[in-house]
Structure formats: C-alpha cells, structure tokens
Amino acid sequence: MSIGTSTKNRRLEICRWRYAPFKLFAIRQKQEKKKKKKNSSLPREMDRWRGRVALVTGASLGIGAAITKELVRCGMKVVGCARDVEKIQNLAAECQSAGHSGVLVPFKCDLNNEEEILSMFAAIKDQHKGVDVCINNAGLAHPESLLHGQTSGWKNMLDVNVLALCICSREAYQSMKERNVDDGHIINLNSMSGHRVVHNTDVHFYSSTKFAVTALTEGLRQELREANTHIRATCISPGVVETEFASRLYSQNADKAAASYTKFKALEAIDVANSVIYVLSAPPHVQIGDIQMRPVEQVL
C-alpha cells in the first residue's frame, strides 16, 4: 500500500468518526418521524385516556377484539376477558408486534358466573388499581323461539346479555367511586334489536335482552346523574355486523349462517370499534346516549 493510499484511508476513517454522531442523529430523527406519522391517525382527544385502564368483556374475537386493539393502539391498558383466554393472548402478542403504545392484559372469566366476575374486578383492583372505562361487549344469541324455546337457552342469554352487564357496570362504578374517578365511562354494546322487533322467531328472546340493555343504559345514566358524578353511560346499537355471531347462532345450520351476510354489505367489527373511539373522544361535558348504526342497504 502506498503512502498516499494510507493517508487517504486514514482521512476517510476520521471523516466517518467525525460524522458518525450526525448520521445517528439523522437515523433517530427518521425513526421519530415514522413514529409520529404512525400516531397521527389517533384522535388527539384520546390522549386523556392514555395509560388508563379499560375492561372489555368478550374480547377474544369479533367486535370485542376490534375494540380491544383500538384501545391498545390509543395507549390504554386494556384488561380483555373471555372464556377462551388463549385468543386474547394471541391478540396481545399481535398488539405488541404492531408497536401499539398501550398494553393488553388477558384475563380468563366466565360471565355466567358472578363469583368469577367479582374475582376479576378484585384482581384488576390489586394489579391495576381499578377500572376507568368499562365496555360491556359480551353477548350471545340462541335460536330459541318464544313458543318452543328451551328455558336453558333463555337463561343463558339473560345471564350474559343482561345480568353480567349489570354486574360489571355496578363493579366498575364502585371501582371509580372509591378512587374518586369522576370522568369514567361505561359503554354497553347493544343492538338494533334493542330498538325494534324483526319478523324472525329465532331472535325474539334475544331481542328482549337487548331491549333490556336500552332501558338499563338510560337507567344507569339517570342514576349516575342522581349520584352527582360526571361518569358517562352510552350504548352502541349496530345492525348486521359480519362476525362469528351468525355461525354461533346457527351452529347447527352452516348454510343459514353463511346466508346471513350475503344479502348486502354488512358492517365490519372495526366500524363498531371506531364508534367506541368516537364516544370516548367526546369532550367530558358531552353525553352520547346511543349510537344507532346500520349497513346502508339494511332495511330494518
């Protein structure tokens, strides 16, 4: 190697050493810009919920999973509960891989069992201080008509769609009250079936449980006002949403389940999740009582 070449290489090394910090700074700037761009789609109004605790029931799939992901994306600590906790664990890993700023805490809970619900709230209090937002998403339907239905099916719908919702709402309120949380929110996933009765014997009893949710949400709103709090109560009432709902309702009739989503373009789970974000994003003095939403082509 010649003296000239050696000197040239030495100068190159000196240049690399001198400008390395600038290169590192540029890389970091690029990463920060990318991060800001990623978070730019988040509503600024959701900043006040960042780091706070939300409970989502029925978080393992469908609408519940979509809501859970959006809340984690917005920076909340979400306790997602369901009987199939493995699916929520997979969802937590997905949120982490996506780089969402919040965290998902999977929790196994059978909402048919009040003791399990109370144990869940006790665990949330012990590990996360309490609940700031309660989203009663879990719900189910059985094709049990009023004239020929099985009592066990009716009871299961009442236990999950009505009683579990009331128990979770009560415990969430108590959690907020004992910590002096005055800006909490209780959101009930209702249905258009809670506002009108369709000519379908398979869902008449289910519809009655959703009419109950309509009354319970308004009753809850009134009681929260009487308690002189600023905790809000809202229900969200979607029409046909393409989820696992139909396949579970018609588990014995795959063709009937498949036909449920072929007549028109149904809502998607993310559409309902976006309405939850909209409700939470409303200014603290704004009370949204109910959001009724349907596919454009849905008649009833």
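Read on for a plain summary of the structure.

What counts, and where the lines are drawn
- Residues numbered from 1 in each chain as written.
- Predicted model: local features only at pLDDT ≥ 70, side-chain atom pairs only at ≥ 80, totals over all residues.
- Heavy atoms only, no water.
- Helix = DSSP H or I, 4+ residues; strand = E, 2+ residues; numbered from the N terminus.
- Areas by Shrake-Rupley, 256 points an atom, 1.4 Å probe, with all protein chains shown as cover.
- Buried < 20%, exposed > 50% of the residue type's maximum accessible area, 1.4 Å probe, protein only.
- Polar contact = N/O pair within 3.5 Å; in protein donor to acceptor, adjacent residues only side chain to side chain.
- Pairing = 2+ DSSP bridges.
- Axes fitted to C-alpha atoms, helices over the stretch in contact; angles between N-to-C directions.
- Contact = heavy atoms within 4.5 Å.
- Left-handed = near helix turned anticlockwise from the far one by under 90°.
- Nonpolar A, V, L, I, M, F, W, Y, C, P; charged D, E, K, R; others polar.

Of regular secondary structure, the protein chain possesses 9 helices and 7 strands. On the protein chain, roughly 16800 Å² of surface is accessible, and the fraction owed to carbon and sulfur atoms is 54%.

In this structure, asparagine 161 sits in helix H5 (residues 151–178). The buried category is assigned to asparagine 161, whose relative accessible area is 1%. One polar contact links the side chain of asparagine 161 to the main-chain carbonyl oxygen of leucine 140, over a distance of 2.9 Å.

A few words on the sheet that holds strand S4 (residues 133–136). Ordered in space as S3-S2-S1-S4-S5-S6-S7, the 7 strands form an open sheet in which the pairing is parallel. Each edge of the sheet is formed by a strand with only one pairing partner; in this case those strands are strand S3 (103–108) and strand S7 (290–293). Strand-to-strand twist in this sheet, taken as the mean axis angle between neighbours without regard to direction, amounts to 15°. Both S4 and strand S5 (residues 185–189) contribute to a ladder of 4 bridges, which runs parallel. Each bridged residue has a counterpart across the sheet, and for valine 133 the counterpart in S5 is histidine 185. Helix-sheet contacts for helix H3 (residues 85–97) involve strand S2 (77–82) and S3, and the interaxial angle to S3 is about 170°. Where helix H6 (residues 204–226) meets the sheet, its contacts fall on S5 and strand S6 (232–238), and the angle it forms with S6 comes to roughly 160°.

This part is about the packing of helix H2 (residues 62–73) against H3. In the contact formed by H2 and H3, the axes pass within 11 Å of each other and the chain directions differ by 35°. In terms of crossing hand, the pair formed by H2 and H3 is right-handed. Between H2 and H3, the contacting residues are Ala65, Thr68, Lys69 and Val72 on the first element and Leu91, Glu94 and Cys95 on the second. Partitioning the contact of H2 with H3 into residue classes produces 4 nonpolar, 1 polar and 2 charged.

On to unusual backbone geometry, then. Positive phi, normally seen in glycine, also occurs at asparagine 180, with a value near 60°. Here asparagine 180 is to be found in the loop between H5 and S5. The phi torsion at asparagine 228 lies on the positive side, around 60°, for a residue other than glycine. Along the polypeptide, asparagine 228 turns up in the loop between H6 and S6.

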